[in-house]
Amino acid sequence: MEPKSAKGVFDILPFDPDAEGKWRESHLWHYVEKVARECALTFGFQEIRTPLFERTELFERGVGQTTDIVTKEMYTFQDKGGRSLTLRPEGTAPMMRAFIEKNLAHYPSLNKYFYISSMFRYERQQAGRYRQHHQFGVEAIGNDSAYQDVEVIDLLYTFLLRLGLKNVQIKLNSIGNAESRTRYREQLKKYLYPHKLQLSEESQARFETNPLRILDSKNPQDKKILEQAPSLMEFLDRESHNHFVEVRTLLEELGISYYVDPFLVRGLDYYNKTVFEITAAELGAQNSLGGGGRYDGLMKELGGPDLPAFGFGVGIERTIITMLGQKIAFPAPTCPLFYIIPLGIEAMHYSFTLVSQLRKANLQTEMDFSGKKVKQSLRLADAIGARFIIVIGEEELKTKRVVVKEMSSKKEEVIGVEEIERYGKLHNRLHENT
Ligand code: HAM
């Protein structure tokens, strides 16, 4: 058997030797996930972890029968009991399912949730598009005001800003209520009908199943045809229109710049009123960093109470790739504070106990127990970025005094062994950046 990962998936490693693989290094993920958690908590969102798989019908009903996700991209399988299960392709429907199942509407709570989870979609492999990807997502349940929309957009914006991202663009649109979309759909079909045969194959198929998604087409010929298409904006119901005006006012009050993209419809069926996407030029064709919107009917559709909701999902892969593309500095990965090199069997036992004690004091410490030559140990200590080296031999055991050598400055200090912990705490910058 060839030891090769499945197509479209990847490992997240402490160090990726592949020149293109820097974004897969785990310390970058730790940092982005840490900032995501901090931002979510600051905005009053609490963590939810749903199972990796759900009953297939949840996504069929939740995400929509005609969406690409449901028709082409789900990892669906039968378990040994003959049940149809699906690896979650997105996080919103599982969140709704958990909320309904646990009756969470009956408890006093802010009902604001976040998740950092892997998602699975059988997509054509290309840069920025994977078959397992990871999202930081949030869902705010129970409030239908424009404030809720903008609070969530502000959270995503704050997250990207804290990471230091520049030149991200917020695309905003309103897709109104179901009736306004039905009226628009008819007009759009009427407009597209004479051009139907010139449309891309995919758009021709969508003409029957989900014509609004044609607006999202990246095909240049489709785009040209769409230039003269009627705009969804003109068909908005009054309530959605007023809501959209309020969202725009609030965004402007917070100083969040955006532009209205009347062709933004998003690829999942549950949205109504506000939809938005954040894009970054560094991502090329797959330029969407994150997106979301309002989905007031989903909870009811899934058999729960009729509660409005608003949320987003942002791709962690794409966030890290964009940060690297913009040359944004990440905190350095943590490195050992001490690297201890024992000489001889007695020193080995002594050092092993010392290392254990230092670690209990939260000091990152490594020791060489491979019995390598000192020169080789020093080379490894240097490669893993150890800050101080302590060699323990017969003399040190006798005098209970050691030389602590700083690798970068080559400065040496002689201290008593009982002082190592205090010395370490003084110099410990271990958790400073993590
Ligand atoms: P989505 O637009 O399908 O929305 O995905 C959100 C983000 O996940 C995308 O903007 C992108 O960064 C990332 N993403 C999606 N598919 C892939 C892929 N194959 N490879 C890499 N990254 C990917 C949702 O999933 C909605 N549940 C968001 C939401 C939450 N709406 C309301 N609440």
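Residues numbered from 1 in each chain as written. Predicted model: local features only at pLDDT ≥ 70, side-chain atom pairs only at ≥ 80, totals over all residues. Heavy atoms only, no water.

Concerning the sheet that holds strand S5 (residues 112–120)
Reading across from one edge, S1-S5-S6-S11-S10-S9-S7-S8 is the order of the eight strands in this open sheet, with mixed pairing throughout. On the outer flanks of this sheet lie strand S1 (46–47) and strand S8 (259–260), each paired with one strand and no other. Looking at chain direction, strand S10 (residues 288–294) and strand S11 (residues 309–315) are connected through five bridges and run antiparallel. Bridge pairing links Gly290 to Val314 in S11. On the sheet, helix H9 (residues 238–253) packs against strand S7 (168–174), S8, strand S9 (272–280) and S10 and is oriented at approximately 160° with respect to S7. (Pairing = 2+ DSSP bridges. Helix = DSSP H or I, 4+ residues; strand = E, 2+ residues; numbered from the N terminus. Contact = heavy atoms within 4.5 Å. Axes fitted to C-alpha atoms, helices over the stretch in contact; angles between N-to-C directions.)

A few points about the pattern of salt bridges
Counted under the stated rule, the structure contains 31 salt bridges. As a salt-bridge pair, Arg83 and Asp79 come within 2.9 Å of each other at their nearest N and O atoms. Accessibility expressed as a relative area gives 21% for Asp79, which makes it partly exposed. In this structure, Glu123 engages Arg129 in a salt bridge whose closest nitrogen and oxygen atoms are separated by 3.3 Å. When its relative accessible area of 14% is taken as the criterion, Glu123 is described as buried. Where salt bridges share partners, they join Asp68, Lys72, Glu202, Arg206, Arg213 and Asp216 into one cluster. (Salt bridge = Lys/Arg side-chain N within 4 Å of Asp/Glu carboxyl O. Buried < 20%, exposed > 50% of the residue type's maximum accessible area, 1.4 Å probe, protein only.)

Here we look at the nonpolar core
Of all hydrophobic cores here, the largest spans 51 residues; its most connected members are Val32, Phe45, Phe136, Phe159, Phe276 and Phe312. It is helix H5 (residues 146–162) that provides the largest number of residues to this core, a total of nine residues. In contact with Val32, other than residues within four places in its own chain, are Phe159, Leu163, Ile316, Thr319, Ile320, Met323 and Phe330. Met74, Met95, Met119 and Met299 belong to the second largest nonpolar core, which has 43 residues in total. (Core = buried A, V, L, I, M, F, W, Y, C linked by side-chain atoms within 4.5 Å.)

Focus: helix H6 (residues 178–192)
With 15 residues, H6 should cover 21 Å at 1.5 Å per step; its first-to-last C-alpha distance of 20 Å lies within 8% of that length. Buried within H6 are the following residues: Ser180, Arg181, Tyr184, Leu188, Tyr191 and Leu192. End-on, the buried residues of H6 take up no more than an arc of 90°, which puts them together on one face. Across H6 from its buried face, at more than 90 degrees, point the exposed residues Glu179 and Lys190. Those residues of H6 that are buried are in contact with helix H7 (201–209), helix H8 (220–226) and S9. Put simply, Asn177 is the residue that caps the front of H6, since its side-chain oxygen is 3.2 Å from the backbone nitrogen of Glu179. (Expected span 1.5 Å × (residues − 1). Arc of directions from axis to C-beta. Polar contact = N/O pair within 3.5 Å; in protein donor to acceptor, adjacent residues only side chain to side chain.)

A short note on the site of the ligand
Neighbouring residues of the ligand: 26 residues in total, closest Glu90, Glu123, Glu139, Tyr271 and Leu289. Here a nitrogen atom of the ligand and a side-chain polar atom of Thr92 are 2.9 Å apart. Tyr130 is positioned such that a nitrogen or oxygen atom in its backbone is 2.9 Å from a nitrogen atom of the ligand. Coverage of the ligand by the protein chains reaches 96% of its 650 Å² of free accessible surface. Put simply, the parts of the chain that give the shell around the ligand at least two residues each are strand S6 (132–141), S10 and S11. When residues in the shell around the ligand are grouped by element, the largest group, five residues, is from S10. (Near = heavy atom within 4 Å. Areas by Shrake-Rupley, 256 points an atom, 1.4 Å probe, with all protein chains shown as cover.)

What to know about the packing of aromatic side chains
Summed over all chains, the structure comprises 19 aromatic pairs. Judged by centre distance (6.3 Å) and plane angle (80°), the ring pair of Phe114 and Phe136 falls under edge-to-face. Of this pair, Phe114 sits in strand S5 while Phe136 is found in strand S6, placing the two residues 22 residues apart along the sequence. A single burial state applies to Phe114 and to Phe136, both of which are buried. When the centroid spacing of 6.0 Å and the interplanar angle of 80° are considered together, the rings of Phe352 and Phe369 count as edge-to-face. (Phe/Tyr/Trp six-rings, centres within 6.5 Å; stacked < 30°, edge-to-face > 60°.)

Some words on the packing of helix H1 (residues 26–42) against helix H11 (residues 316–325)
Packed helix pairs are characterised by how far apart their axes lie and by the angle those axes make with each other. For the pair H1 and H11, interaxial distance at closest approach is 11 Å and the crossing angle is 110°. With respect to each other, H1 and H11 are oriented roughly perpendicular. Two secondary-structure elements touch here, H1 through Leu28, Trp29, Tyr31, Val32 and Glu33 and H11 through Ile316, Glu317, Thr319, Ile320, Met323 and Leu324. Looking at the contact of H1 with H11, its residues break down into eight nonpolar, one polar and two charged. (Parallel < 35°, antiparallel > 145°, perpendicular 65-115°, else oblique. Nonpolar A, V, L, I, M, F, W, Y, C, P; charged D, E, K, R; others polar.)

Details of the sheet that holds strand S2 (residues 53–55)
Strand order in this open sheet of three strands is S2-S4-S3, and the pairing throughout is antiparallel. The open sheet terminates on both sides in strands that have one partner only, identified here as S2 and strand S3 (76–78). The mean angle between the axes of side-by-side strands here comes to 35°, regardless of whether they run parallel or antiparallel. By the bridge criterion, three bridges tie S2 to strand S4 (residues 84–87) in an arrangement that is antiparallel. By the bridge assignment, Phe53 is partnered in S4 with Leu87. With respect to the sheet, helix H2 (residues 56–63) is in contact with S2, S3 and S4, its orientation differing from that of S2 by roughly 80°.

Observations regarding H11
For H11, the buried fraction is high: seven of the 10 residues fall into the buried class. Every buried residue belonging to H11 is among Ile316, Glu317, Arg318, Thr319, Ile320, Thr322 and Met323, and all of these are buried. Just downstream of H11, Lys327 is the residue with a positive phi angle, here 55°.

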